[in-house]
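So you can see what is in the structure, the chains are spelled out below.
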Amino acid sequence: MDHFLYRDGVLHAEDVAIPEIAAAVGTPFYVYSTATLTRHYRLFEEALAGMPHLVCYAMKANSNLAVIRTLADLGAGMDVVSGGEYRKARAAGVPGDRIVFSGVGKTAEEMRLALTGGIRQFNVESEPELLVLNAVALSMGLRAPVTIRVNPDVDARTHEKIATGKKENKFGIPIGRARAVYAEAAALPGIEVVGIDVHIGSQLTDLAPFEAAYAKLADLTRQLRADGHAIRRLDLGGGLGIPYERSNADPPLPADYGAVIRRTLGDLGAEIEIEPGRLIAGNAGLLVSSVIYVKSGEDRDFLILDSAMNDLIRPAMYGAHHDIVAVAEPAPGTALHPYDIVGPVCETGDTFARQRAMAPLVAGDLVAFRSAGAYGAVMASEYNSRPLVPEVLVRDDHFAVIRARPSFDEMLKRDSMPEWLQARDDA
Ligand SMILES: *Cc1c(COP(=O)(O)O)cnc(C)c1O
């Protein structure tokens, strides 16, 4: 459930009418619901109730400072994958001991940053990384807390670009090598092994791959403990999927996911960490856009919007589906019309939907992309020199701009002329 509902024929975000925000900030814009973010976070909290745990929101899904602080204020930890995300988490007020650091390519500089500011653990993904982290920690007179990410060779049955748990993927160490790598880690004076990490992919709509991965993790935990390692923490990654299409069967709920965790790992006495991103933020956001033109082609009509692939890349990148709805609720029984829904960018890939049945729309109408709160604004670019779209956060009947649209002057100032080209400006 989200908090984007029609009221008196107009789509609202909580108690705020979408056209009111559009009038204030212009389109396109992203809008997020505090109540939905809160609800989704709490579903995970409830799913793990009774087990020692920390829900570490995967910031890469949506890393606006206001979103991070909203979740941090509820008690969330953060899963970061870069020095930039680490800095954002700290800037939003998240204490270091609630931040876990994931990613296959952490640099020595990023490690130093996190060790200086405080870190709950590094999720180490390779032996070379382990050696660098050991050296960095020793140079600072510290021991770095680590879990090692194992690749359980489980098929997550999701889009190939976001499956991470098969042996051919770049992530983690092969589970078969885990004992050797833990032995190596235990011998490094700058490393403190605290647990094991696994993350098999994103947008999983079936619990079976989680169950398979977590069963392997339970066996590995027992084995490594028998080898003498202090495995007190199990980081289970993120990946639970969301319903992008209302008409489809709904993916499993956090409570069902929690039951899998309890069943496979609950008797190990380990602290459980999970790293959900998409399920917390995805259905907590809309991308709102205006129709610029309705263009009649030879055999189809195009809805040309003022948002494009640079603002929301998921359809172009993953062939992803987003429900697109009119902000003014169509009258019941309105005959639907098929449109190809596209943006203004000069690529055929800039297509959001083909032959999508919609109530008829005209230039100036507002539409909203649902499920745009995760992997939306964070993946946006300024391709075609289109400014990044603003982000707005709603709480009850209030809204606030949480990232302003850059001005064209700001965009121009980001580039600079080399000295040998400057003469022309003066000419
Ligand atoms: C992307 C990612 C997540 C979050 O995945 P979601 O599908 O958004 O829940 C969690 N952990 C790691 C290591 C990731 O790379």
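This structure is a prediction, so every number in the text was calculated from the model and none was measured. (Residues numbered from 1 in each chain as written. Predicted model: local features only at pLDDT ≥ 70, side-chain atom pairs only at ≥ 80, totals over all residues. Heavy atoms only, no water.)

Peer 1: So what about the environment of Gly-75? Which residues, and what values?
Peer 2: For Gly-75, the location among the structural elements is in the loop between helix 3 (65-73) and strand 6 (77-80). Through-space distance from the C-alpha of Gly-75 to that of Glu-109 is 28 Å; in sequence the pair is 34 residues apart. When neighbours within four sequence positions are excluded, Gly-75 is seen to be in contact with Tyr-41, Leu-54 and Arg-98. (Helix = DSSP H or I, 4+ residues; strand = E, 2+ residues; numbered from the N terminus. Contact = heavy atoms within 4.5 Å.)

Peer 1: Summarise a nonpolar patch on the surface; cite the residues concerned and give the values.
Peer 2: Taken together, the side chains of Met-417, Trp-420 and Leu-421 define a hydrophobic patch exposed on the protein surface, amounting to about 370 Å² of accessible area. Relative to the helices and strands, Leu-421 resides in helix 13 (residues 419-426). (Patch = residues over 30% accessible without salt bridge, like charges linked within 9 Å, V, L, I, M, F, W, Y side chains within 5 Å. Areas by Shrake-Rupley, 256 points an atom, 1.4 Å probe, with all protein chains shown as cover. Salt bridge = Lys/Arg side-chain N within 4 Å of Asp/Glu carboxyl O.)

Peer 1: Requested: an account of empty space enclosed by the protein, with residues and values cited.
Peer 2: Going through the model one piece at a time under the given rule, you end up with one cavity of 30 Å³ or more. Considering only enclosed or pocket space, the largest cavity measures out at about 40 Å³ in volume. Lining the largest cavity, in full, are Tyr-30, Ala-377, Ala-380, Leu-388, Val-389, Glu-391 and Arg-403. Looking at the lining of the largest cavity, its residues break down into five nonpolar, no polar and two charged. (1 Å grid on protein atoms, 1.4 Å probe; cavity = no way out; pocket = protein on both sides within 12 Å on 5 of 7 lines; lining within 4 Å. Points joined across faces, edges and corners; volume = space filled by probe spheres on them. Nonpolar A, V, L, I, M, F, W, Y, C, P; charged D, E, K, R; others polar.)

Peer 1: Would you mind going over the site of the ligand in detail, with residue names and values included?
Peer 2: Near the ligand lie 15 residues; those nearest to it are Lys-60, Ser-202, Glu-275, Arg-278 and Tyr-375. Contact distances for the ligand include 2.6 Å between an oxygen atom and a side-chain N or O atom of Tyr-375. When the ligand sits alone it has 390 Å² of accessible area, and the protein chains cover 94% of it. When its residues are assigned to classes, the shell around the ligand shows three nonpolar, seven polar and five charged. (Near = heavy atom within 4 Å. Polar contact = N/O pair within 3.5 Å; in protein donor to acceptor, adjacent residues only side chain to side chain.)

Peer 1: How would you summarise the nonpolar core if you had to cite specific residues and measurements?
Peer 2: Note on soluble globular proteins: their nonpolar side chains tend to be buried together. If you look at the biggest cluster of nonpolar residues, it comprises 99 residues, and the most contacted ones within it are Met-78, Phe-122, Tyr-214, Leu-234, Leu-236 and Tyr-257. Among the elements that make up this core, the one with the highest residue count is helix 8 (residues 208-226) (seven residues). In terms of domain composition, this core takes at least three residues from each of domain 1 (4-31 + 282-413) and domain 2 (34-281). Discounting chain neighbours no more than four positions away, the residues touching Tyr-214 are Val-198, Leu-236, Tyr-257, Val-260, Ile-261, Thr-264 and Leu-265. Of all hydrophobic cores here, the second largest spans 18 residues; its members include Ala-13, Val-31, Val-327 and Leu-366. (Core = buried A, V, L, I, M, F, W, Y, C linked by side-chain atoms within 4.5 Å. Buried < 20%, exposed > 50% of the residue type's maximum accessible area, 1.4 Å probe, protein only. Domains from an automatic or database assignment.)

Peer 1: I'd like a rundown of the domain arrangement of the chain, residues and numbers included.
Peer 2: Under the domain assignment, the chain is made up of domain 1 (4-31 + 282-413) and domain 2 (34-281). Domain 1 and domain 2 are separated by 32 Å when their C-alpha centres are compared. Tallying the contact residues gives 23 residues for domain 1 and 27 residues for domain 2. The interface formed by domain 1 and domain 2 holds zero salt bridges in total.

Peer 1: Tell me about the layout of surface pockets, and please be specific about residues and values.
Peer 2: In this structure, the largest pocket encloses a volume near 560 Å³. Taken together, 29 residues line the largest pocket, and the ones lying closest to its centre are Lys-60, Thr-164, Phe-171, His-199 and Tyr-375. Domain assignment of the residues forming the lining of the largest pocket places at least three in each of domain 1 (4-31 + 282-413) and domain 2 (34-281).

Peer 1: Any chance you could break down the sheet that holds strand 1 (residues 4-7) for me, citing the residues and the numbers?
Peer 2: With antiparallel pairing, the three strands of this open sheet are ordered in space as 1-2-3. Only two strands of the sheet have a single neighbouring strand rather than two, namely strand 1 and strand 3 (16-17). As paired strands, strand 2 (residues 10-13) and strand 3 are joined by two bridges and run antiparallel to one another. Bridge pairing in strand 3 places His-12 opposite Ala-17. (Pairing = 2+ DSSP bridges.)

Peer 1: So, the packing of aromatic side chains: which residues are in play, and what are the values?
Peer 2: By convention here, two paired aromatic rings are described through the distance between centres and the angle between planes. Per the stated rule, a full pass over the model turns up seven aromatic pairs. Taken together, a centroid distance of 6.0 Å and an interplanar angle of 20° make the contact between Phe-101 and Phe-122 stacked. Remark: Phe-122 occurs in strand 8 (residues 121-124) and Phe-101 occurs in strand 7 (residues 99-101); sequence separation between them is 21 residues. For Phe-101, a relative accessible area of 0% translates into the label buried. The exposure class of Phe-122 is buried, given its relative accessible area of 1%. Here Phe-210 and Tyr-257 contribute two aromatic rings whose centre-to-centre distance is 4.9 Å and whose plane-to-plane angle is 65°, an arrangement assigned as edge-to-face. Pair noted here: Phe-210 is in helix 8 and Tyr-257 is in helix 9 (residues 254-265), with a separation of 47 residues, a long-range link. On the basis of relative accessibility, which here comes to 2%, the residue Tyr-257 falls in the buried class. Put simply, the rings of Phe-44, Phe-210, Tyr-214 and Tyr-257 touch in pairs and so form one group of aromatic residues. (Phe/Tyr/Trp six-rings, centres within 6.5 Å; stacked < 30°, edge-to-face > 60°.)

Peer 1: Can you lay out helix 5 (residues 108-117) for me, pointing to particular residues and giving the numbers?
Peer 2: Along helix 5, the residues classified as buried are Glu-110, Met-111, Ala-114 and Leu-115. Projection of helix 5 onto a plane perpendicular to its axis shows the buried side chains occupying an angular sector of 130°, all on one side. Of the exposed residues in helix 5, the ones pointing more than 90 degrees away from its buried face are Glu-109 and Thr-116. Buried residues along helix 5 sit against helix 4 (83-91), strand 7, strand 8, helix 6 (127-139) and strand 9 (144-151). (Arc of directions from axis to C-beta.)

Peer 1: Help me get a handle on the pairing of strand 2, residues and values and all.
Peer 2: In this sheet, strand 2 lies alongside strand 1 in antiparallel orientation, the contact comprising four bridges. From the neighbouring strand, Arg-7 faces strand 2, where its bridge partner is Val-10. The loop that links strand 1 with its antiparallel partner strand 2 comprises two residues; one of these, Asp-8, has a positive phi angle of about 50°.

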